[in-house]
There are 2 protein chains.
Amino acid sequence: MNSASISTRQRLMDGAVEAIRRYGIAGVSARTVAGCAGVNQALVFYHFGTLDELLVAACQAATAERVADYRDRFAAVRSLSELLDLGRELHEQERQAGNLAVLAQMLAGAQTDGRLAPAAAAALRLWTDEIELVLRRVLAGSPLAALADPPGLARAVAAGFVGLELYEGVDRAGADDALAALEQLAVLVDVVDDLGPVARRALQGRLARRSRGRVPPGGRS
Amino acid sequence: MNSASISTRQRLMDGAVEAIRRYGIAGVSARTVAGCAGVNQALVFYHFGTLDELLVAACQAATAERVADYRDRFAAVRSLSELLDLGRELHEQERQAGNLAVLAQMLAGAQTDGRLAPAAAAALRLWTDEIELVLRRVLAGSPLAALADPPGLARAVAAGFVGLELYEGVDRAGADDALAALEQLAVLVDVVDDLGPVARRALQGRLARRSRGRVPPGGRS
DNA sequence: GTCTATAGCTGGATAGAC
DNA sequence: GTCTATCCAGCTATAGAC
């Protein structure tokens, strides 16, 4: 953890990510990981104790790195449509780099492996915290603010990315259709977002009435 | 497939579903499946040749059964808000029954196992075909019709369910927040859906202008 | 820190008795 | 059709040489 070694520990973590990408969570083993890392299988246990702990460390490190890469981009976003543009770019880049795939596989494994669950939750959290910040900023002053819950939406976006990633893996064309349909719907958000003052007030009136109808006073959380 | 046997073949398929639910795709083996089914391990290979083929058959059968259970419910839906209500109920029931979990695990496995991929895609297709039909029906005559692509949206909904399911497995509260945020946003769709004729025409004008700006003429399929 | 070797276990798959 | 027994590959984890 100190000096000149860009070495074994890191190579193992990179190897873990690569192995998950290639073989899926069902195919990772100390041997496949070590193979991807180009090191001896026994070193997994020397450095991390168990395979699970290596996966946990690798997921955490890889995700933190990716999120940090995008921090400046997130900070520069000033409107909903800029956020949609960044989301599209981020989705495409992360998909190609295989990082979404790794996250999805970790999540799948975490469903039945309690030792992976906190790591997967933490990785998702790194993403959702960033998204939430941006949403909070760009929604301020929008007529959608009354209607949009930034923490919840950030989590929905993250879940959506994961679901789309898994879909893409079995039906690329279908997933593309899904994404295109969502972007088309986003036009609606966009239009509402820069309504004139009169239309805006009219919409807010309608929303208030409708919301009261759906969420009883003193309702949810 | 013919007579009085509610037997081994079916028990194995039920056992496969149960094993995926309990141990995840990384934990299914001929032995765990046979254990869940209460039959001998060798019977997996006698009846299905390989474990993968059993998983494929089980996924197909279980999904078809679930979709059939909902067909009448889907057919009875007459509006977007009825569809949202049914979606909420369906999500909750399938989550509790563990069928979404199985689908998610199959999808995760299918990412790196080409023999599972067609089965996972087909299972998703069973759901999206139903959803698409309903969407097509309830969107007819809505001002959203111009903006909403039923096949794409159906696929987006299915992907969203899968993503949320995986999220729930590692952070139940976060996933609940995500769902609540989406339902809150759905109010917007609802409001737009029953606009008066004047507001409707105004919105359509705005949408047309905005769409032209975003999707160049002769653009995407 | 890294390697070889190996113990001990679980996995897919088959042979052959019943 | 179903069971027992078994082969062999691959797995985690450790011991011990270097």
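Before going into details, it helps to say that this report is about the structure given with it. From a predicted model like this one, the values you see are computed outputs, not experimental measurements.

1. Digging into the overall build of chain A
Here comes step 1: Across its full length, chain A holds 10 helices and zero strands.
Here comes step 2: Walking chain A from its N terminus toward its C terminus, one meets helices and strands in the order α-α-α-α-α-α-α-α-α-α.
Here comes step 3: Counting only C-alpha atoms, chain A reaches 70 × 40 × 35 Å along its principal axes.
Here comes step 4: Within chain A, the fraction of its 221 residues that count as buried is 48%.

2. Observations concerning the environment of Asp129(B)
Here comes step 1: For Asp129(B), the location among the structural elements is in helix H7 (residues 117–139).
Here comes step 2: In this structure the C-alpha to C-alpha distance between Asp129(B) and Asp52(B), which are 77 residues apart in sequence, comes to 25 Å.

3. What to know about the interface of chain B and chain A
Here comes step 1: At the interface, 61 residues of chain B touch 62 residues of chain A.
Here comes step 2: Here chain B meets chain A over a buried area of about 5,200 Å², counting both sides, of which 66% is carbon and sulfur.
Here comes step 3: Taken together, chain B and chain A are joined by zero salt bridges.
Here comes step 4: Summed over the shared surface of chain B and chain A, the result is eight residue pairs in polar contact (both at pLDDT 80 or more).

4. Notes on the packing of helix H8 (residues 150–170) of chain A against helix H8 (residues 150–170) of chain B
Here comes step 1: In contact at an axis separation of 7 Å, H8(A) and H8(B) are set at 110 degrees when each is read in the N-to-C sense. The orientation of H8(A) relative to H8(B) falls into the category roughly perpendicular. Here H8(A) and H8(B) pass one another in a crossing that is right-handed. Residue-level contacts link Arg155(A), Ala159(A), Val162(A), Gly163(A), Leu164(A), Leu166(A) and Tyr167(A) of H8(A) to Arg155(B), Ala159(B), Val162(B), Gly163(B), Leu164(B), Leu166(B) and Tyr167(B) of H8(B).
Here comes step 2: A breakdown of the residues in the contact of H8(A) with H8(B) according to their chemical character gives 10 nonpolar, two polar and two charged.

5. Considerations on the protein's contact with DNA strand C
Here comes step 1: In the neighbourhood of DNA strand C, 14 residues make up the surrounding shell, with Thr8(A), Asn40(A), His47(A), Ala30(B) and Phe45(B) lying closest.
Here comes step 2: By atom count, sugar and phosphate contribute 51% of the portion of DNA strand C lying within 4 Å of the protein.
Here comes step 3: Here Thr8(A) contributes a side-chain N or O atom positioned 2.5 Å from a phosphate oxygen of DNA strand C.
Here comes step 4: In this structure, a base nitrogen belonging to DNA strand C sits 3.0 Å away from a side-chain N or O atom of Gln41(B).
Here comes step 5: Counting residues per element, the surface near DNA strand C draws most heavily on helix H3 (residues 42–48) of chain A, which supplies four residues.
Here comes step 6: Residue composition of the surface near DNA strand C, grouped by class: seven nonpolar, six polar and one charged.

So, how was this worked out
Residues numbered from 1 in each chain as written. Chains lettered and ligands numbered in written order. Predicted model: local features only at pLDDT ≥ 70, side-chain atom pairs only at ≥ 80, totals over all residues. Heavy atoms only, no water. Helix = DSSP H or I, 4+ residues; strand = E, 2+ residues; numbered from the N terminus. Buried < 20%, exposed > 50% of the residue type's maximum accessible area, 1.4 Å probe, protein only. Contact = heavy atoms within 4.5 Å. Buried area = accessible area lost by both parts, 1.4 Å probe. Salt bridge = Lys/Arg side-chain N within 4 Å of Asp/Glu carboxyl O. Polar contact = N/O pair within 3.5 Å; in protein donor to acceptor, adjacent residues only side chain to side chain. Axes fitted to C-alpha atoms, helices over the stretch in contact; angles between N-to-C directions. Parallel < 35°, antiparallel > 145°, perpendicular 65-115°, else oblique. Left-handed = near helix turned anticlockwise from the far one by under 90°. Nonpolar A, V, L, I, M, F, W, Y, C, P; charged D, E, K, R; others polar. Near = heavy atom within 4 Å.

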